[in-house]
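These are the residues of each chain, in order.
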Amino acid sequence: LVAPEATAAEGDGGRDEGLRPRRLADYIGQSELKQVLGIAVEATRLRNDALDHVLLYGPPGLGKTTMALVLAEELGVSCRIASAPALERPRDIVGLLMNLQPRELLFIDEIHRLNRVAEELLYPAMEDFRLDLTVGAGPAARTRSLELPPFTLVGATTKAGSLSSPLRDRFGLIQRLEFYSCSDLEAIVSRSAQLLQLELAAEAAAEIARRCRGTPRIANRLLRRVRDFASVRGIAAVGAPVVVEALAMHRVDGRGLDPSDRRLLSLLETSYGGGPAGLDTLAAALGEDPDTLEAVVEPFLLQLGFLQRTPRGRVLTDAGRAHLEAA
Ligand code: ADP
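Residues numbered from 1 in each chain as written. Predicted model: local features only at pLDDT ≥ 70, side-chain atom pairs only at ≥ 80, totals over all residues. Heavy atoms only, no water.

Caption draft 1: Region of interest: the pattern of salt bridges. Per the stated rule, a full pass over the model turns up 24 salt bridges. Note that Arg45 and Glu74 form a salt bridge whose closest N and O atoms lie 3.8 Å from each other. Of this pair, Arg45 sits in helix H2 (residues 31–47) while Glu74 sits in helix H3 (residues 64–75), placing them 29 residues apart in sequence. Taking relative accessible area as the criterion, Arg45 reaches 39% and is therefore assigned partly exposed. Judged by its relative accessible area of 13%, Glu74 is buried. Across the pair Arg262 and Asp253 runs a salt bridge whose closest N-O atoms are separated by 3.2 Å. Put simply, Arg23, Glu42, Arg45 and Glu74 are held in one network by salt bridges that share partners. (Salt bridge = Lys/Arg side-chain N within 4 Å of Asp/Glu carboxyl O. Helix = DSSP H or I, 4+ residues; strand = E, 2+ residues; numbered from the N terminus. Buried < 20%, exposed > 50% of the residue type's maximum accessible area, 1.4 Å probe, protein only.)

Here you go:
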């Protein structure tokens, strides 16, 4: 439950662990996030206090878990990692809270999926470092309060809008993670290549950066596929053409769209005349879960300006249509 490897859903069996930056200075991009959290960490250190609770939101793979671990490292405390769907029974969350050491971080991934009971246990824990437990049942039931050490909850979610407002209001710092620019992704790919001891030309890093949906996790995954390709072919120094050839098999196009992105855009065009079409209708036609479509697939297409969300549904933009036609 609390083992970091249990939640390292990296799509590469958690092997990304070694690629995670450990310090704020190594965390590439997200300048606003780093600035805000850097100040909060510094102030916390001066006061010798626990960091205020932090909510990080944004699409998967942008560095929320990494940031939680970086914060712990900067504060010199440990970070316990859990995921909301695994905290099904009240005793799961009680156990986590009761085992916290002073000033430690508790990272809860997918926090919008916490159940009501767990959420209500968190309110006094976050606000007053108090755990209210009900002992016994029926008319004999009594509430017992336990004092907790001051701690920091770091919540991560892909869907900030699904968080209940009482929970959201208890976070002192609420920060959104953005898709990364090509130059930041290039820096991430070059850094990872170095850690993987792969000789990668700058233009090759740029090719990967263009094809990773603005997402470091995907950048690292593609880099591993390039490394596989290069080692099988016996290529020691990887240049741009090798990257292009290696990634052609993975069906990511020049703007980083993968097959599910393209499927959504072409469905909108061919079956709905470019839209508007409702999220649930599109999800049913694609055989996808509407939540995944909204939180994982759509954000990047919105960012590229290929898709628009309107009150009447999703609409394909001219840029989106042009991209489909060019493909
Ligand atoms: P999330 O929790 O948002 O789904 P992660 O924190 O697990 O994303 O990040 C996925 C991977 O991407 C990490 O293992 C790390 O190697 C890499 N990564 C994320 N953010 C950065 C960053 N700012 N700089 C360098 N690498 C990063």
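After that view of the structure, there is still more to cover.
Caption draft 2: Examining the site of the ligand more closely. Inspection of the region around the ligand gives 19 residues, with Ile28, Gly61, Lys64, Thr65 and Thr66 positioned closest. Residue Lys64 places a main-chain N or O atom 2.8 Å away from an oxygen atom belonging to the ligand. When isolated, the ligand has an accessible area of 560 Å², and the protein chains bury 98% of it. Elements with a contribution of two residues or more to the shell around the ligand: H3 and helix H9 (216–233). Looking at side-chain class alone, the shell around the ligand contains nine nonpolar, five polar and five charged residues. (Near = heavy atom within 4 Å. Polar contact = N/O pair within 3.5 Å; in protein donor to acceptor, adjacent residues only side chain to side chain. Areas by Shrake-Rupley, 256 points an atom, 1.4 Å probe, with all protein chains shown as cover. Nonpolar A, V, L, I, M, F, W, Y, C, P; charged D, E, K, R; others polar.)

Caption draft 3: Seen up close, H9. Taking 1.5 Å of rise per residue, 18 residues should cover 26 Å, and H9 covers 26 Å from first to last C-alpha, within 8% of that figure. Where H9 is concerned, the buried positions are Pro216, Ile218, Ala219, Asn220, Leu222, Leu223, Arg224, Val226, Phe229 and Ala230. Tucked inside the fold, the buried residues of H9 contact helix H7 (182–195), strand E8 (199–200), helix H8 (202–210), strand E9 (237–238) and helix H10 (240–248). Following H9 by one or two positions, Gly234 adopts a phi angle in the positive range, close to 70°. (Expected span 1.5 Å × (residues − 1). Contact = heavy atoms within 4.5 Å.)

Caption draft 4: Spatial organisation of the side chain of Glu74. Only 2.8 Å separates the side chain of Glu74 from the backbone nitrogen of Leu24, close enough to count as a polar contact. In contact with Glu74, not counting residues within four places along its chain, are Arg23, Leu24, Val41 and Arg45.

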